[in-house]
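Coordinate analysis (summary)
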Amino acid sequence: MAEATAYVTGLARKRGLDQEVCAEALLSLLLIVQVVENSVLRSAKEEALARIRDQDDWPALALALQLECAIRTEDQDFFGIGIATWTTNTVERYLES
């Protein structure tokens, strides 16, 4: 969440969106998002580290492995690691169909 908070302002500016509205939207998401501590992910940590190129991203992959779910990301380090990924484009196409 810290990464998303730091990233949202620059992304809003880049896409010509109201930075304050985007920051508020992220804060509202924090009310419904459940943060999972790394200690909960220990059982999948080794497998995640073996698959992911960016070692800092292991918690997201470990959670996806434990939940057996896809990852929504634009980060190419997640592509080709044996877990389905959704980009913004693929989510938009899915929702439009």
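Residues numbered from 1 in each chain as written. Predicted model: local features only at pLDDT ≥ 70, side-chain atom pairs only at ≥ 80, totals over all residues. Heavy atoms only, no water.

The next point concerns the overall build of the protein chain. Of the regular secondary structure elements, the protein chain holds 5 helices and 2 strands. Referenced to the eigenvectors of the C-alpha coordinate spread, the extents of the protein chain come out at roughly 40 × 30 × 25 Å. In the protein chain, which comprises 97 residues, the proportion classed as buried is 22%. In the protein chain, the proportion of contacts linking residues at least 24 apart, taken out of those at least 6 apart, comes to 19%. As displayed, the protein chain offers around 7,300 Å² of accessible surface, 53% of which is attributable to carbon and sulfur atoms. Once the 9 positive and 16 negative side-chain charges of the protein chain are each reduced to a mean point, those two points are 4 Å apart. (Helix = DSSP H or I, 4+ residues; strand = E, 2+ residues; numbered from the N terminus. Buried < 20%, exposed > 50% of the residue type's maximum accessible area, 1.4 Å probe, protein only. Contact = heavy atoms within 4.5 Å. Areas by Shrake-Rupley, 256 points an atom, 1.4 Å probe, with all protein chains shown as cover. Lys, Arg positive; Asp, Glu negative; His and termini not counted. Charge placed at Lys NZ, Arg CZ, Asp CG, Glu CD.)

Those residues of helix α4 (residues 58-67) that fall on the buried side of the exposure criterion are W58, P59, L61, A62, A64 and L65. The inward-facing, buried residues of α4 contact α3 (42-51) and β1 (71-72). Among the residues trailing α4, E68 stands out with phi positive, at a value near 55°.

Before going further, it helps to examine helix α1 (residues 2-14). With 13 residues, α1 extends 19 Å between its outermost C-alpha atoms, agreeing within 8% with the 18 Å of an ideal straight helix rising 1.5 Å per residue. Its maximal kink placed at V8, α1 deviates by approximately 35°. (Expected span 1.5 Å × (residues − 1). Bend = angle between axes of the 7 residues up to and from the residue.)

All right, on to the pattern of salt bridges then. Taken as a whole and assessed by the stated rule, the structure comprises 3 salt bridges. A salt bridge links E47 to R51; the shortest N-O distance between them is 2.6 Å. Of this pair, E47 and R51 both sit in helix α3, 4 residues apart, which is roughly one turn of the helix. Since its relative accessible area comes to 40%, E47 is described here as partly exposed. On the basis of relative accessibility, which here comes to 30%, the residue R51 falls in the partly exposed class. Put simply, E74 and R72 hold a salt bridge, and the shortest N to O gap is 3.0 Å. Residue E74 is classed as partly exposed on the basis of its relative accessible area, which comes to 44%. (Salt bridge = Lys/Arg side-chain N within 4 Å of Asp/Glu carboxyl O.)

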